[in-house]
Structure formats: structure tokens, C-alpha cells
Amino acid sequence: MTVVTRFAPSPTGYLHIGSVRTALYCWLYARKLQGKFILRVEDTDLERSTQESVDAILDAMQWLDLHYDEGPYYQTKRFDRYRQVAEQLLQEGKAYRCYCSKERLEKLRNQQTENKEKPRYDGHCRSIQEKKEGAYVIRFRNPDSGVVEFDDLIRGKLTFSNAELDDLIIVRSDGTPTYNFTVVVDDWDMKVTHVIRGDDHINNTPRQINILKALGATLPHYAHVSMILGSDGKRLSKRHGAVGVMQYREDGFLPDALLNYLVRLGWSHGDQEIFSREELVQLFDIKGINKAPAAFNMEKLIWLNQHYIKTNAPDDVAKELAWHMQRLEIDVTQGPSLKELIEAQAERVKTLKEMAEKSRYFYADVQYNDDAVKKYLTVEEMPVLTMLRDELTHLTEWTKEPLHQVIQTVSEKLGMKMGKVAQPLRVAVTGDTISPPIDMTLALLGREKTVARLNGALASYASISPPPG
């Protein structure tokens, strides 16, 4: 048997990180067992589904490098198939037309609520065989007795009484199919063997199993993953700062960091915290998924992101950093290579967004921090900058070691500590007090930018510093 998993998001809003964790589990399970991973877009909610949300799903899957073997399939393009299966169920007496008005159903629901009964359809139209005039929905004829029982791969044996289940609407009065029906037909047609999804779908599973049985289909295995919680123990939502997956890219996180973090929200392999993709594929096991919900911890995600910025191949990080530089309209051809920049900044930043923002001065005109200027670009510092400018102008080899030697030599000539020389130099060439080591900073800036900025500081120090006295 070929293992087939599917990720089936609904394009009615941003792609939540909980959904991405589900996609990751499905992807890993298929890859581990040399199976097939399908992407299916469940877009039958015509009022709420948007192309923007579809694009967000496709962009996220590409960014995270979760390649699917089939798809994307769109349910709106399969309406003919759903109608065909619904008609089959009608002809076999496993479904029926329901002509009940909204008013009748609402009255029924109110009566059941008053009687403290579980609201459910009373089967009023079950015996109607001939087609009548007027609007109708198609309901699945759920078994009246017995139980639905299945072994959840995470939660063990689950049992539901058919008496507690409703005669589910599978086709609305406008002819559009409902979620529980389309899912069944799709999983059947696509030969899905393992359905891994959130535990908010547990109550849907017995209904879907009954429809699958009515169709004579082979039942897939089910695994229901616990929800992700916020720090307050409640379901993760916007109030906890939960955002769409692509927002994490905009905030400067690497896909490896996000996936490594999400896989550990509910799954573990001993005490190991950091996994390569190859290790995840090799080690992932549904039995390792915890029943208990996991709490989202932004500090842990940031820690992982720093780890991957520092340890991933600079060429790989550079591809993602280039995207951030482009968003900031920084021309990376006007400065050091991104690989060199990453090697200089990796230990100093938490995100690639931060790296891009703090590296602007390597490529564009310097922007001065007023407080740094007032403190370090004073009249008293101008002789220091003048001597540095003169020494650097005539330096033959523009690399870290000779640059460091120039700063040391100027310090000795002026009888000053190196820090007292390096900090005015740093402010003059970067605009602020924080940068990589000054010799590395100068090496990346290059001779032309360095000397030009020193000349600019010397020429304008009177206007950017208060006059003496």
C-alpha cells in the first residue's frame, strides 16, 4: 500500500501556523514512508474564499519548501463529481431530499433546546421518495443504531453512537456540496490512506466514516493533532500575536527555524531540539505526537532562528536575506556580498529583518543617529578622525589585519585607548555606535565609502556638533 496524505486548507483567511504544523506532519509522514503528499484547496465556501488566500497558501508552501506530489486540487472544479456521488446515494436510498423550511427547522431546534435535548434533525422527510416541487437540500441517511468506532493513531480507540449523529446535509439548496461530503469524496477519489488533522475535526470523523462506508470505500487511518495554545492556555489566536505564516517571513524568520519549531509543538524525539530536514524525515513517527496541547513560545522560536542564521550555509541564508534587502529597497550590488555580510552580522541579530535594517549603511548613504553624533563627533574628536583618514587613504591593502593595525597605530600615536579611537570612527562611517568589529566593518565598507564618510564628517562637524564653549 502506498501511503497517501493530504493537506487541505480552506482559503478563507491567512494560513495559520497550526495549519502549517499539520501540513508538516502530513509531509513528513509521506516522505518517511516514500508515499505521496497531496495539496487540496477546500474552496467550496464561495462567499469567504478569496484568491488572495489561495495565493497565501501556495506562497507559504513554496517558502517552506513543502513540495507536494499532486495538486493543488480545487474543490470548486470538482462540483460535477460531487453531484454524481450525491445522485448515486439518492438512487441507493442512502440519501434523501429534505424540503423542510428554515422556519420549521428553527422551531424544531428551539423546542429541542427547551426540552434540553441535543439539537438534531428529526427525519421528517426521510420517507419521501418521489421528487417534489420546491427547494430542497440533500441529507445523508445516517444509520439509526450502532456505533462508529475507529483507532485514532494519536488518541487510541474512539467511539460514537449513531443515535447522537445527525442526518447531515451533503448538498445545499443552491446545489453546492458541504464540507463533510466533499472531504469524503476527495479522500476516496484520491486514495488518501492517512488523514492527519486538528482535533477540532474529531466530531466530523464519525460522520465522514459513515458516508465512506455507504460508498463502499476503504477507510483511511485518522490522527487528530491537539491545538496550539497561547501562553494563557487558550487556543492560539490573533490576541496572542498569531499571524499568517508569511508574516513570519516578513518578520525575518528562516523557514528551517519555523518548521523546526513547529514540529516540536506536539512531537518529540527524546530531548533533541534541533533537527535537519533529513533527520526529521528519518525520525518522525505519528506515535511520537503528544495528546496534550502545546503552548506557543516566541522566545524559543527566536532562539532557533538565531541558531539557523548562525549555522546554516551563508549562501542559503543569503537567498532569504536578499528578499528582505529588496523589501527595504537596498541595492545589494553597491556593497559587500550578502555572504560576507551574514558572516559579519550573524552573531549580532535575531532575525533577517533586523540584519537587513542594521546593514543599510553598507550599501546606501549613511543615516546618522543624533545622540551618537553629539557624543562622538565633537570638535575634540576631529584630530582623531583626521589622522585616521590620512592613514587609511594611503593604506595599500584593504583587509581586516592592516585596517586593525592602522587603528592601533593611531591610538598609540595619540596616547589613547583603541576604543576611544574606534568609536568616533564607527559613528563617522556607520552613523551609529553599534556595528560588527570596526576592522571588519571597514573591510566590508571598502576604501571609497570609508574615506568619503570620514571626509564628510570632517567637513560638516561644525554643523553637527555644538560649538566649543
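See the structure shown above.
The rules behind the values
Residues numbered from 1 in each chain as written. Predicted model: local features only at pLDDT ≥ 70, side-chain atom pairs only at ≥ 80, totals over all residues. Heavy atoms only, no water. Helix = DSSP H or I, 4+ residues; strand = E, 2+ residues; numbered from the N terminus. Expected span 1.5 Å × (residues − 1). Buried < 20%, exposed > 50% of the residue type's maximum accessible area, 1.4 Å probe, protein only. Pairing = 2+ DSSP bridges. Axes fitted to C-alpha atoms, helices over the stretch in contact; angles between N-to-C directions. Right-handed = clockwise from strand over helix to strand, strands pointing away. Salt bridge = Lys/Arg side-chain N within 4 Å of Asp/Glu carboxyl O. Lys, Arg positive; Asp, Glu negative; His and termini not counted. Contact = heavy atoms within 4.5 Å. Parallel < 35°, antiparallel > 145°, perpendicular 65-115°, else oblique. Left-handed = near helix turned anticlockwise from the far one by under 90°. Bend = angle between axes of the 7 residues up to and from the residue. Nonpolar A, V, L, I, M, F, W, Y, C, P; charged D, E, K, R; others polar. Patch = residues over 30% accessible without salt bridge, like charges linked within 9 Å, V, L, I, M, F, W, Y side chains within 5 Å. Areas by Shrake-Rupley, 256 points an atom, 1.4 Å probe, with all protein chains shown as cover. Charge placed at Lys NZ, Arg CZ, Asp CG, Glu CD.

1. What to know about helix α1 (residues 17-32)
Here α1 spans 22 Å end to end across 16 residues, near enough to the 22 Å set by a 1.5 Å rise per residue. Within α1, 13 of the 16 residues are buried, which leaves the element mostly enclosed by the surrounding structure. At the C-terminal side of α1, Gln34 shows a positive phi close to 55 degrees.

2. Some words on the sheet that holds strand β5 (residues 137-140)
The strand order β4-β5-β8 describes an open sheet built from three strands, whose pairing is antiparallel. With one partner strand each, in any of the chains shown, β4 (95-98) and β8 (169-171) form the two edges of the open sheet. With direction set aside, neighbouring strand axes in the sheet form an average angle of 45 degrees. Where β5 lies against β8, two bridges are found, and the strand directions are antiparallel. Counterpart to Arg139 in the pairing with β8 is Ile169.

3. Notes on the pairing of strand β1 (residues 4-7)
The alternating pattern of β1 places Val4 and Arg6 and Thr5 and Phe7 on opposite faces, both of which are buried. Where β1 lies against strand β2 (residues 36-41), four bridges are found, and the strand directions are parallel. Bridge pairing in β2 places Arg6 opposite Ile38. As for the winding sense of the linkage, the β-α-β connection from β1 through α1 to β2 is right-handed.

4. Quick look at the pattern of salt bridges
Scanning the model with the defined rule gives 28 salt bridges in all. Residue Asp187 pairs with Arg40 through a salt bridge whose shortest N-O separation is 2.9 Å. Of the two residues, Asp187 is situated in helix α5 (residues 179-189) and Arg40 in strand β2; the sequence distance between them amounts to 147 residues. For the pair formed by Asp187 and Arg40, the shared burial category is buried.

5. Considering the side chain of Glu381
Structurally, the position occupied by Glu381 is in the loop between α14 (370-376) and α15 (382-393). The side chain of Glu381 is buried and forms no salt bridge, while Lys420, the nearest opposite charge, is found at 6.9 Å. When sequence neighbours within four positions are dropped, the list of residues in contact with Glu381 reads Tyr376, Lys420 and Pro424.

6. Notes on the packing of helix α17 (residues 418-430) against helix α18 (residues 438-445)
Relative placement of two packed helices is described by the angle separating their axes and the distance separating the axes. Between α17 and α18, whose axes approach to 11 Å, the crossing angle comes to 30 degrees. Put simply, α17 runs roughly parallel to α18. Considering the relative orientation of α17 and α18, their crossing is left-handed. Facing α17, whose interface residues are Ala422, Leu425, Arg426, Val429 and Thr430, α18 presents Ile438, Thr441, Leu442 and Leu445.

7. What to know about helix α11 (residues 314-327)
End to end, α11 covers 20 Å across 14 residues, agreeing with the expected 20 Å (1.5 Å per residue, within 8%). At Glu320, α11 shows its maximal kink, close to 30 degrees. Among the residues making up α11, those that are buried are Val317, Ala318, Glu320, Leu321, His324 and Met325. Those residues of α11 that are buried lie in contact with α2 (51-63), α7 (245-250), α10 (298-311), α12 (338-345) and α13 (352-357). Once α11 finishes, Glu329 follows within two positions and takes phi at roughly 60 degrees, a positive value.

8. Quick word on the environment of Leu165
Structurally, the position occupied by Leu165 is in the loop between β7 (156-161) and β8. Taking the C-alpha atoms as reference points, Leu165 and Val3, separated by 162 residues in sequence, lie 30 Å from one another. Dropping the residues within four chain positions of it, Leu165 is found in contact with Arg120, Asn142, Val148, Pro206, Arg207 and Asn210.

9. Let's talk about unusual backbone geometry
The linkage connecting Gly71 with the following residue, Pro72, adopts the cis geometry, with an omega of 5 degrees. Topologically, Pro72 is positioned in strand β3 (residues 70-74). Of note, Asp65 is a non-glycine position whose phi angle comes to about 60 degrees, a positive value. Tracing the backbone shows Asp65 in the loop between α2 and β3. Take Asp65: its relative accessible area is 34%, and that puts it in the partly exposed class.

10. Quick notes on the packing of α15 against α17
It is the contact of α15 with α17, at a shortest axis distance of 10 Å, that shows an interaxial angle of 75 degrees. Classified by the interaxial angle, the pair formed by α15 and α17 is roughly perpendicular. On α17, the residues that touch Val384, Leu385 and Leu388 of α15 are Val421, Pro424, Leu425 and Ala428. Here the residues of the contact of α15 with α17 sort into seven nonpolar, no polar and no charged.

11. Quick notes on a negative patch on the surface
On the surface, Asp315, Asp316, Glu340 and Glu343 cluster together into a negatively charged patch. Counting residues per element, the ones that place at least two in the negative patch are α11 and α12. Positionally, Glu340 belongs in helix α12. Here Glu340 falls in the partly exposed class, since its relative accessible area comes to 39%.

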